[in-house]
Amino acid sequence: MELLQMPKNSGSLQLVQWPLVLLASKLFLAKDIAVENKDSQEELWDRISRDDYMKYAVEECFYSVKFILTAILDDEGNNEGKKWVERIYEDIQGSIANGCIHVDFRLNKLPLVIQKVTALLGILKKDQTPELETGAVKAILDLYDVMRHDILSINMRDNYETWNMLSKARTEGRLFQKLKWPQDAELKAQVGRLYSLLTIKDSAANVPKNLEARRRLEFFTNSLFMEMPEAKPVREMLSFCVFTPYYSEIVLYRMSDLLKKNEDGISTLFYLQKIYPDEWKNFLARIGRDENASESELSDNPNHILELRFWASYRGQTLARTVRGMMYYRKALMLQAYLERMSAGDVEAGITGKESTDVQGFELSPEARAQADLKFTYVVTCQIYGKQREEQKPEAADIALLMQRNEALRVAFIDVVETLKDGKVHSEYFSKLVKADINGKDKEVYSIKLPGNPKLGEGKPENQNHAVVFTRGNAMQTIDMNQDNYFEEALKMRNLLEEFHCDHGLRPPTILGVREHVFTGSVSSLASFMSNQEASFVTLGQRVLSNPLKVRMHYGHPDVFDRVFHITRGGISKSSRIINISEDIFSGFNSTLRQGNVTHHEYIQVGKGRDVGLNQIAVFEGKVAGGNGEQVLSRDVYRLGQLFDFFRMMSFYFTTVGYYFCTMLTVLTVYAFLYGRVYLALSGVGESIQDIADVLGNTALSAALNAQFLFQIGVFTAVPMILGFILEQGFLRAVVSFVTMQFQLCTVFFTFSLGTRTHYFGRTILHGGARYQATGRGFVVQHIKFTENYRLYARSHFVKGMEICLLLIVYLAYGYNEGGALAYILLTVSSWFLAGSWLFAPYLFNPSGFEWQKTVEDFRDWTNWLLYRGGIGVKGGESWEAWWDEELSHIRTFSGRVMETILSLRFFIFQYGIVYKLDVQGTDTSLTVYGFSWIVLAVLIILFKVFTFSQKISVNFQLLLRFIQGVSFLFALAGIVVAVAITNLTIADIFACILAFLPTGWGILCIACAWKPVMKKVGLWKSIRSIARLYDAAMGILIFIPIALCSWFPFVSTFQTRLMYNQAFSRGLEISLILAGNNPNTGI
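Residues numbered from 1 in each chain as written. Predicted model: local features only at pLDDT ≥ 70, side-chain atom pairs only at ≥ 80, totals over all residues. Heavy atoms only, no water.

Caption draft 1: Spatial organisation of the overall build of the protein. The number of helices and strands found in the protein is 50 helices and 10 strands. Sequence-distant contacts, at least 24 apart, represent 78% of the contacts inside the protein between residues at least 6 apart. Carbon and sulfur atoms make up 59% of the accessible area of the protein, which amounts to about 52,800 Å² in all. (Helix = DSSP H or I, 4+ residues; strand = E, 2+ residues; numbered from the N terminus. Contact = heavy atoms within 4.5 Å. Areas by Shrake-Rupley, 256 points an atom, 1.4 Å probe, with all protein chains shown as cover.)

Following this line, the structure appears as structure tokens:
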């Protein structure tokens, strides 16, 4: 902290003193320059002056040494000592004036002088004792000897009397015998500061050591140079309220949660101790414990246990962290009000000038507290707090604890009161606001009776709507439950509120946009990808959206609303079910449609937690994509499109629904390209066109046919992030960051995200029904089972990835490439990359995804899930059948069934094209061949049905069933052998038939699923389900085989761990220990 303190610059030293963090190590650099100097004095000073802070450090050291020596020698018995100091400084200044300091003083001996001065200051900074007095005298005598014999090379005859008197006093032992020990606070502070300046060798770039503290200070200092309005005094500023919706998320970690171990033996507390080792040591120091103390040693003190729970909660995405962060606004206002009152010279308070610089007691000032409470309120709307309190849930106790620790915190909730009238139970609904009283109990502030159950639409917006009446002030900041705030940023809130009075164009601002910092991006590569992507959006992206495009909306960020404008125009949340699933952006639509103005300001930021695991990220992106699909269907977007001018309309389109539509078009373009290539291959058109082009010498046509498919896949979605890096960090650091991310396979991640957005956006457009997905806000470093990944991505990624692989294999088998294998690779490499990313990214970014033991356990778990038939009440995570039914639940309307049927017809192209390429049919191109292929497919389905006949039905005739199955198998085998022997059927034809019949079967399956009610009526549903199970089993095996092969090699797992946690390794964190668990490897 000493390094970061701002000097008061109000003492006796007549120069500007800078924080030590800026001057650290500068003196040693200047010393090295002086020692090595062989040039003139002017050139020496010019080299030192190139670094302003080096020059400041040299000047401060020069004058501080004189100030301290003069002060400690200011005694009647030290006349010789004072004259020595004066003589030395006069000689130095004279040499400087004459430009000959490098001649008059031996600068190569400077390290010796610094050593002696440091020794003297090290003694003087301690409390006075007789032994230390003796040591100080010896130290200053050593300094005298060094200066006299080693440093000075001037002609002493000019001041012969003075030097002769000093020599005589030194010989007689009278010199410096009486020292005036530093007692004055200013002098003691100056001694300590100069000692630090002479001893701290760390670079300023490494101060503070904590990376997060360094980042916060860096942003805060940079923001002070940004353009921001001048803040008004606290008494004149706009009042504001912070508003946070909460449902049932974690409020405060309990000790049982912190100590509970997962399957790898890792507890949450163990994880936090390894991720934040320096902060853990600081915590132990704050509560007076040894830095090596374990958590079990804290159990003897209940207060320490409570502080430990808060320490852990402040590092997760909890309500406690959000409340602490938002209450910094009150603390900042109290400090600012206190300082304003001090600087005004409050006569009634009787404050002296010295006391006015002491701000340690600002939190105890009743005037400052009153001013802050007049200008700031914080309302957390905990929708079911009343129910939690009745059921004595731990969340209710934790919320009550937060109210006790934060007196300005108010909690709003819906209270349900049941009364008995005429023998019937009637429910009455009240919207209530409570605070903590002096006894720690809930004290009701307001209670409003509601006409009925307020939850008619989506949960979060309804939660906000019922409690918005309890907000106060001119402005309202919307804060999500997973956000944080910083004290230094809270100091700038007054400046931000003044933006409401600034000129921002034709209309005054109604929403002030604020940037975010994602604080969850510091460990895994996935978290850093999301953090960087978010950072580019909240800086470069929103800056352009706000000005000049004027199409910035509200994106769920910590924006500040003009409260009066919005509560008189429909509120801040639209809550219609399904259509307003992304309720945040509709606030921006609502404000813009009512002639509001949304701005963006980057000199202030608020913390934000983001999802850190691939599954959490995928669910979140699916929710956002589904929400955008619903926006396409909303009247708000239609009206904005009609009312905007052409340029704003196009800007609005490409920055909201158009982005997702273009993403979907990108994937559809991949399909169009590949299906077009397959058509050219199977029809023979491609080869014939190439022959014509060769005969005619048409190189343009040849180039068009062999064009490499370099369309954007996933990496181009990272372009804004790269540009943001360049603007925020500089070109060199941006290049390093981008290359590092490429080594961490960020392209695979962004390509995978492309599929997520496309799937959920397209499905919402076709079927509607987007729904809120709880993503979870925990710490994710544990292994995700194969089954869970398969359930989440089978329909959104795996099926589509398999389809692309099938298209590429068909094109490889039947396509015509003049350039051979190299031409095929260049033409299809991006498509293979897309398919590979969609199929294997969930396992590539899965912690411990390639450890053999976990792979074996995953396979066993997956087969159990696949074969378990389930039943009533069984969830999709337990049974394949339950999951399959859930996956089909979105197909509900007739139009949706028709669209699914039309889209599924593409799978029949394979069979139609491949059967005419078989050796067995020769040159016959009649429809008879295609018809015969359907007969073969029907026979295969009958054989499958015979071999999978239900055992429950066949209990009474097991022997007959086995006989029929055996005969069927022999007949099928004999038929294939005879066909190969008699006809032109080849082994290659058999594999070609597999390529033909697999997609046809899948197409039939998709159509049957779309018409599920019809299939159930005709009694075919169980057969359809058996075929679907077979397809999922085959697809799972195909994905699992490469994972199992990679798990054989230990280096693959090591590489994956390094890839996922490179940032953590660079910080020296024990990720391998975290992943391996906290248990010893026994029984292996």
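On we go.
Caption draft 2: Here's a closer look at the pairing of strand E1 (residues 240-246). Across the seven residues that make up E1, a large majority, seven, are buried. Side chains of E1 alternate between two faces, with Phe240, Val242, Thr244 and Tyr246 and Cys241, Phe243 and Pro245 buried alike. By the bridge criterion, seven bridges tie E1 to strand E2 (residues 376-382) in an arrangement that is parallel. Bridge pairing links Phe243 to Val379 in E2. With four bridges joining them, E1 and strand E6 (residues 475-478) adopt parallel strand pairing. Within E6, the position partnered with Phe243 by the bridge is Thr478. (Buried < 20%, exposed > 50% of the residue type's maximum accessible area, 1.4 Å probe, protein only. Pairing = 2+ DSSP bridges.)

Caption draft 3: Representation of unusual backbone geometry within the structure. Pro548 follows Asn547 through a cis peptide bond whose omega is 20°. Among the secondary structure elements, Pro548 is positioned in the loop between helix H25 (525-546) and strand E9 (560-562). We note that Leu745 has phi near 65°; this positive angle belongs to a residue other than glycine. In this structure, Ser848 takes a positive phi of about 55° despite not being glycine. Locating Ser848 in the fold gives a position in the loop between helix H38 (820-844) and helix H39 (852-867).

Caption draft 4: A look at the sheet that holds strand E5 (residues 442-450). In space, the 10 strands of this open sheet follow the order E5-E4-E3-E2-E1-E6-E9-E8-E10-E7, with mixed pairing throughout. With partners counted over all chains shown, the strands left at the sheet margins are E5 and strand E7 (483-484), one partner each. Where E7 and strand E10 (residues 598-608) come together, two bridges link them in antiparallel fashion. Its bridge partner lying in E10, Asp484 is registered against Gly607. H25 contacts strand E8 (511-518) and E10 of the sheet and is inclined by roughly 160° relative to E10. (Axes fitted to C-alpha atoms, helices over the stretch in contact; angles between N-to-C directions.)

Caption draft 5: Layout of empty space enclosed by the protein. Within this structure, the stated rule accounts for five cavities of 30 Å³ or more. When its volume is computed, the largest cavity comes out at roughly 70 Å³. Lining the largest cavity are 13 residues, and of these Gln464, Thr478, His554, Ile572 and Asp584 sit closest to its centre. In terms of residues, the lining of the largest cavity owes the most to one element, helix H27 (residues 583-593), which gives three residues. As a volume, the second largest cavity reaches approximately 60 Å³. Around the second largest cavity sit His783, Ile784, Phe786, Tyr843, Asn846, Gly849, Thr855, Asp858, Phe1040 and Ile1043, which together line it. At the level of elements, H39 and helix H47 (1021-1047) are the ones that each hand at least two residues to the lining of the second largest cavity. Residues that form the lining of the second largest cavity fall into these classes: five nonpolar, four polar and one charged. (1 Å grid on protein atoms, 1.4 Å probe; cavity = no way out; pocket = protein on both sides within 12 Å on 5 of 7 lines; lining within 4 Å. Points joined across faces, edges and corners; volume = space filled by probe spheres on them. Nonpolar A, V, L, I, M, F, W, Y, C, P; charged D, E, K, R; others polar.)

Caption draft 6: Molecular detail of a nonpolar patch on the surface. On the surface, a cluster of nonpolar side chains totalling about 860 Å² of accessible area is made up of Trp852, Phe859, Ile1037, Ile1041, Leu1045, Trp1048, Phe1049 and Phe1051. Elements that contribute at least two residues to the nonpolar patch include exactly H39 and H47. If you tally residues by element for the nonpolar patch, the top one is H47, at three residues. By the secondary structure assignment, Trp1048 is in the loop between H47 and helix H48 (1050-1060). (Patch = residues over 30% accessible without salt bridge, like charges linked within 9 Å, V, L, I, M, F, W, Y side chains within 5 Å. Salt bridge = Lys/Arg side-chain N within 4 Å of Asp/Glu carboxyl O.)

Caption draft 7: Structural view of the pattern of salt bridges. A full pass over the atoms with the stated rule returns 42 salt bridges. Note that Arg330 and Asp373 form a salt bridge whose closest N and O atoms lie 2.7 Å from each other. Of this pair, Arg330 sits in helix H17 (residues 328-343) while Asp373 sits in helix H19 (residues 366-375), placing them 43 residues apart in sequence. On the accessibility criterion, Arg330 (8% relative accessible area) is buried. Note on Asp373: relative accessible area 33%, which makes it partly exposed. Glu428 is paired through a salt bridge with Lys449; the nearest N and O atoms lie 3.1 Å apart. Taken together, the residues Glu428 in strand E4 (residues 424-436) and Lys449 in strand E5 connect sequence positions 21 residues apart. Lys449 gets classed as exposed once you look at its relative accessible area, which sits at 51%.

Caption draft 8: Representation of the packing of aromatic side chains. The final tally for this structure, using the stated rule, is 49 aromatic pairs. A centroid spacing of 5.7 Å and a plane angle of 45° characterise the contact between Phe310 and Tyr314, whose relative ring orientation is tilted. Since its relative accessible area comes to 17%, Tyr314 is described here as buried. For the ring pair Trp852 and Trp1048, a centre distance of 5.1 Å and an interplane angle of 45° mean the geometry is tilted. Separated by 196 residues along the polypeptide, Trp852 in helix H39 and Trp1048 in the loop between H47 and H48 bring together distant segments of the chain. We classify Trp852 as partly exposed; its relative accessible area is 40%. Feature note: the residues Phe752, Phe786, Tyr790, Tyr793, Phe798, Tyr843, Phe859, Trp862, Trp865, Trp883 and Phe1040 constitute an aromatic cluster, connected by ring pairs. Here Arg321 stacks its cationic end above the ring of Phe519, 3.7 Å away from the centre of that ring. Stacked on the ring of Phe487, the Lys or Arg Lys331 has its end atom at 5.7 Å from the ring centre. (Phe/Tyr/Trp six-rings, centres within 6.5 Å; stacked < 30°, edge-to-face > 60°. Lys NZ or Arg CZ within 6 Å of the ring centre and 35° of its normal.)

Caption draft 9: Region of the structure containing the confidence of the model for the protein. The predicted model of the protein averages 84 in pLDDT, with 88% of residues at 70 or higher. Here residues 346-357 scores under 50 on pLDDT; set against residues more than four positions off or in separate chains, the count is eight contacts. Low pLDDT, under 50, characterises residues 1080-1084; the stretch is placed with zero contacts to residues that sit more than four places away or in other chains. (pLDDT = per-residue confidence, 0-100.)

Caption draft 10: Structural context of the pairing of E8. Most of E8 sits inside the fold, with eight of its eight residues counted as buried. Residues Ile511, Gly513, Arg515 and His517 of E8 are buried on one face, and the alternating residues Leu512, Val514, Glu516 and Val518, pointing to the opposite face, are buried as well. Here E8 pairs with E9 via two bridges, running antiparallel. Considered in E9, the bridge of Ile511 is made with Phe561.

Caption draft 11: Highlighting the nonpolar core. Among the nonpolar cores identified, the biggest contains 83 residues, and Phe749, Tyr790, Phe798, Phe845, Trp884 and Ile914 are the most heavily contacted of them. Considering each element in turn, this core owes the most residues, 14 residues, to helix H37 (residues 786-814). Residues within four places of Phe798 in sequence aside, it is in contact with Asn789, Tyr790, Tyr793, Trp838, Leu839, Pro842, Tyr843, Met1035 and Ile1039. By size, the runner-up hydrophobic cluster in this structure holds 62 residues, among which are Val65, Ile68, Ala139 and Val191. (Core = buried A, V, L, I, M, F, W, Y, C linked by side-chain atoms within 4.5 Å.)

Caption draft 12: Molecular detail of the environment of Thr986. Following the sequence through the fold, Thr986 ends up in the loop between helix H44 (958-982) and helix H45 (987-1010). For Thr986, a relative accessible area of 27% puts it in the partly exposed group. Taking the C-alpha atoms as reference points, Thr986 and Leu918, 68 residues apart in sequence, are found 8.5 Å from one another.

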